[in-house]
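Survey of secondary and tertiary structure
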There are 2 protein chains.
Amino acid sequence: MPDMEEPRRSEHRPLRKDARENRRKILDAASDAMSELGLSVPMEAIAERAGVGVGTLYRRFPSRAELVEALFEDRMESIVEDAEASLDFEDGWEGFAWFLERIISRQTRDRALGELLMGDAGRGRVAAIRDRLGPLADKIVERAKQAGRLRPDFDTTDLVMVQKMVCAAGAAAGDVKPAVWRRYLTILLDGLTTSRSGPSPQEVGPLSDDELYRTMHSAPGRR
Amino acid sequence: MPDMEEPRRSEHRPLRKDARENRRKILDAASDAMSELGLSVPMEAIAERAGVGVGTLYRRFPSRAELVEALFEDRMESIVEDAEASLDFEDGWEGFAWFLERIISRQTRDRALGELLMGDAGRGRVAAIRDRLGPLADKIVERAKQAGRLRPDFDTTDLVMVQKMVCAAGAAAGDVKPAVWRRYLTILLDGLTTSRSGPSPQEVGPLSDDELYRTMHSAPGRR
DNA sequence: TGATTTCCGGAGGTTAAACCTCCACTTGTC
DNA sequence: GACAAGTGGAGGTTTAACCTCCGGAAATCA
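Per chain, residues are indexed from 1 in the order of the written sequence. Chain A is the first chain written and ligand 1 is the first ligand written, with later ones labelled in order. Only residues with pLDDT of at least 70 are given local features in this predicted model, and only at 80 or more are side-chain atom pairs given and counted; all residues enter the totals for whole chains, interfaces and linings. Excluded from the side-chain calculations are hydrogens and water; all other atoms, namely the structure's heavy atoms, are used.

1. Observations concerning the overall build of chain A
When helices and strands are counted, chain A shows 11 helices and zero strands. Counting from the N terminus, the helices are DSSP H or I runs at least four residues long and the strands are E runs at least two residues long. Taken from N to C terminus, the helices and strands of chain A fall in the order α-α-α-α-α-α-α-α-α-α-α. The atom set for the radius of gyration is the C-alpha atoms, and the globule formula is 2.2 Å times the number of residues raised to the power 0.38. Computed over C-alpha atoms, the radius of gyration of chain A comes to 21 Å, more than 25% over the 17 Å expected from 2.2 N^0.38 for 223 residues, which places it beyond the range of a compact globule. For the C-alpha atoms alone, the extent of chain A along its principal axes is close to 85 × 40 × 25 Å. For chain A, buried positions account for 48% of its 223 residues. In chain A, the 35 positive side-chain charges and the 39 negative ones have mean positions that sit 3 Å from each other. With a 1.4 Å probe rolled over the protein chains alone, any residue whose accessible area is under 20% of its type maximum counts as buried; one over 50% counts as exposed, and the rest are partly exposed. A residue counts as positive if it is Lys or Arg and as negative if it is Asp or Glu; His and the chain ends are not included. Lys charges are placed at NZ, Arg charges at CZ, Asp charges at CG and Glu charges at CD.

Here is the structure:
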């Protein structure tokens, strides 16, 4: 049996044209679906949005994890960049507030990113990037305190919890009024400064009674 | 066919002794289970905690809704009473803060109560009680503003969102450090006052790094 | 223009988790 | 001790996800 050729797609030969297109469609669909519904959106749903059979999805991405890495490595990296950028602010407090606004904004637009950031990452490259955030967060908090405008009893772990709080508000009302989270971030920041003479102006109004009603009667399951 | 007797348990004759005991065990188990795991805890799990077969559970409470009403009518009523009590405070702001502390404390101890309060109530007596809270909340907010210590841009709908935020923090870290939510309530209240000269003292410290780690790696399903 | 390789779709087998019913047996009560 | 009342949990059902498999379609090659 001569010439028993190598079966592995080693050093990947390029995909066939239709396969390449489908891969793109899958990535786009998965991005949409996960941003909206979270990391554990059914594979079926992704395939459907992509207009592709489940078989195709599994052939291209044998496990959810590969899909997640393909999609979220960049986004996670952007957050690290935000953290670094926030250290360049003249005023540590401004950097702190800017970073918070940034990272929460990203999470409210992208539920899966929030899940990854808040712990759902097992191991892998995405988690590795996330872990680089810890030291940066320490510096951000440190600088804000040195600027004298962040309450001295604030701890870096509080930074995570603050995000959770604002994101909870965002997630609850997100379908009804996507920008309300800013309102609650403003309030929280007013609670985080050392002192102030009056409330910061709100850029976003409260939910109307009707909006609140709809918010309350459309709560998701959990996950 | 003489004396075809009435089959309905009309004007309920008393339950047999063992049945009465089982009913009690079921209610206790359901209370525990729902407080911990939420309204939609599997019926199976309730029966198991009660040390009773599922059959017995379904015979006593044919639907989850009946169980819920039996358990939560009182608790919901207590919240209404808290709201009324908070109106008796000399200072409207104190009443406001007290009520918030109360209602959040109840919800962090009792997940099902939180779900009921935040909308998961379909119709029924429990929902009816909850609806009595709306007008009371308006008064609470009104008085706090009149006292001059609640930021004037605060709306009653914000009251719900604030609860959601603190409860989110509580739920996230609840298994690890049940009292941290107080820390975040303190911060929020500092953001809700009109002005202040410094941060309010914290009664509860931040999560340690290890506690935060555990908090992040034990997130529930959504679900 | 075949011939050949690659890729596609989605029916369908599998597992898991909840649901609720049913009835042979046990227990309480009169 | 007879008989009504109550019990438990096996098991049928549904729902929702998982992932594989293979006949046929599409792209690429010669």
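2. Concerning the relation of the copies chain B and chain A
For the pair of chain copies, the relating operation is a rotation around an axis with a shift along it. The copies were overlaid by least squares, fitting only the C-alpha atoms of residues that reach a pLDDT of 70 or more in each copy. Between chain B and chain A, which share one sequence, the superposing operator has a rotation angle of 180° and an axial displacement of 0.0 Å; the RMSD is 0.0 Å. When the rotation and shift are considered jointly, the pair of chain copies conforms to a two-fold rotation axis.

3. Side note on the nonpolar core
Only buried Ala, Val, Leu, Ile, Met, Phe, Trp, Tyr and Cys residues count toward a nonpolar core, and they belong to the same one when joined by side-chain atoms within 4.5 Å. Ile-46, Phe-72 and Phe-96 of chain A together with Ile-46, Phe-72 and Phe-96 of chain B are the most contacted members of the largest nonpolar core, which totals 138 residues. Two residues form a contact once any of their heavy atoms are found within 4.5 Å. Aside from chain neighbours lying at most four places away, what touches Phe-96 of chain B is Ile-140, Val-141, Ala-144, Leu-150, Phe-154, Leu-159, Leu-189 and Leu-192 of chain B.

4. Digging into the interface of chain B and chain A
In this complex, chain B contributes 49 residues to the contact, which on the side of chain A involves 49 residues. Interface area lost by chain B to chain A is led by Met-161, Met-165 and Met-216 of chain B, which between them contribute 16%. Each salt bridge in this description consists of a side-chain nitrogen of Lys or Arg and a carboxyl oxygen of Asp or Glu lying within 4 Å of one another. Seen at the junction of chain B and chain A, the total is four salt bridges. N or O atoms within 3.5 Å of each other form a polar contact, as long as, within protein, one can give a hydrogen and the other can take it, and as long as residues adjacent in sequence are counted only when both atoms are side-chain atoms. Seen at the junction of chain B and chain A, the total is 19 residue pairs in polar contact (both at pLDDT 80 or more). Accessible area that two parts lose when put together, with a 1.4 Å probe and added across both, is what the buried area reports.

5. Things to note about the packing of aromatic side chains
Residue and element names in this part refer to chain A. Aromatic contacts are taken between Phe, Tyr and Trp rings whose centres are within 6.5 Å, Trp giving its six-membered ring; a plane angle under 30 degrees counts as stacked, one over 60 as edge-to-face, and the others as tilted. Applying the stated criterion to the full structure yields six aromatic pairs over all chains. Taking the centre distance of 5.5 Å and the plane angle of 20° together, the rings of Trp-93 and Phe-96 count as stacked. Taken together, the positions of Trp-93 and Phe-96, both in helix H5 (residues 92-109) and three residues apart, correspond to about one turn of that helix. Taken together, the aromatic side chains of Trp-93, Phe-96 and Phe-154 make up a single cluster linked through ring pairs. For a ring to carry a charge above it, either NZ of a lysine or CZ of an arginine must fall within 6 Å of the ring centroid while also lying within 35 degrees of the normal to the ring plane. Here the basic side chain of Arg-75 rests over the ring of Phe-72, its NZ or CZ set 4.7 Å away from the ring centre.

6. Quick notes on the state of the cysteines
Defined by distance alone, a disulfide is two cysteine sulfur atoms within 2.5 Å. In this structure the tally under the stated criterion is zero disulfides over all chains. Here Cys-167 of chain B stays unpaired: no disulfide links it, and the sulfur of Cys-167 of chain A, its closest cysteine neighbor, is 16 Å away.

7. Comments concerning the protein's contact with DNA strand D
Any residue with at least one heavy atom within 4 Å of a molecule or strand is counted as near it. As a matter of local geometry, DNA strand D sits amid 24 residues, with Tyr-58 and Arg-64 of chain A together with Arg-13, Arg-16 and Asn-22 of chain B nearest to it. The sugar-phosphate portion of DNA strand D accounts for 61% of its atoms within 4 Å of the protein, the bases making up the rest. A distance of 2.4 Å separates a phosphate oxygen of DNA strand D from a polar atom in the side chain of Asn-22 of chain B. Within the side chain of Arg-59 of chain B, one N or O atom sits 2.8 Å away from a phosphate oxygen of DNA strand D. Going through the elements one at a time, helix H1 (17-37), helix H2 (43-50) and helix H3 (54-60) of chain A together with helix H1 (17-37) and helix H3 (54-60) of chain B are the ones with two or more residues in the surface near DNA strand D.

8. Observations concerning the pattern of salt bridges
What the rule picks out here adds up to 36 salt bridges over all chains. A salt bridge links Arg-183 of chain B to Asp-158 of chain A, with the shortest nitrogen-to-oxygen separation between them at 2.6 Å. Note that Arg-183 of chain B is positioned in helix H10 (residues 180-192) and Asp-158 of chain A in helix H9 (residues 156-173), a pairing that runs across two chains. Residues Arg-183 of chain B and Asp-158 of chain A agree in their burial class; the two are buried. Asp-110 of chain B is paired through a salt bridge with Arg-75 of chain B; the nearest N and O atoms lie 2.8 Å apart. Highlighted residues: Asp-110 of chain B in the loop between helix H5 (92-109) and helix H6 (111-120) and Arg-75 of chain B in helix H4 (residues 64-86), separated in sequence by 35 residues. Linked through salt bridges whose partners overlap, the residues forming this network are Glu-69, Glu-73 and Arg-125 of chain A.

9. Focus on H1 of chain B
Residues and elements named next belong to chain B. Helix length check: H1 (21 residues) gives 30 Å between terminal C-alpha atoms against 30 Å at 1.5 Å per residue, within 8%. Among the residues of H1, those classed as buried are Ala-19, Ile-26, Leu-27, Ala-29, Ala-30, Ser-31, Ala-33, Met-34 and Ser-35. Remark: Gly-38 follows H1 within two positions and exhibits a positive phi of approximately 100°. Here the expected length of a helix is defined as 1.5 Å per residue gap, with one fewer gap than residues.

10. Section: the confidence of the model for chain A
Residue-level confidence of the predictor is what pLDDT reports, using numbers from 0 through 100. Predicted confidence across chain A gives a mean pLDDT of 91, with 92% of residues reaching 70 or more. Here residues 1-8 of chain A is a poorly scored stretch, pLDDT under 50, and it has zero contacts once near neighbours within four places are set aside; other chains count.

11. A word on the environment of Ala-83 of chain A
Residues and elements named next belong to chain A. By the element assignment, Ala-83 lies in helix H4 (residues 64-86). What makes Ala-83 buried here is its relative accessible area of 1%. For Ala-83 and Glu-69, which are 14 residues apart along the polypeptide, the C-alpha to C-alpha distance reads 21 Å.

12. Description of helix H2 (residues 43-50) of chain B
Helical periodicity: at 3.6 residues per turn, an α-helix aligns residues three or four positions apart in one direction. Residues and elements named next belong to chain B. The complete set of buried residues in H2 reads Met-43, Ile-46, Ala-47 and Ala-50. Taken down its axis, H2 places every buried residue within 95° of arc, on the same side. Exposed and oriented more than 90 degrees from the buried face of H2 are Glu-44 and Glu-48. Structurally, H2 contributes buried residues whose contacts are with H1, H3 and H4. After H2 finishes, the residue Gly-51 shows a positive phi value of roughly 70°. Regarding the arc, it is the one traced by the directions from the helix axis to the C-beta atoms.

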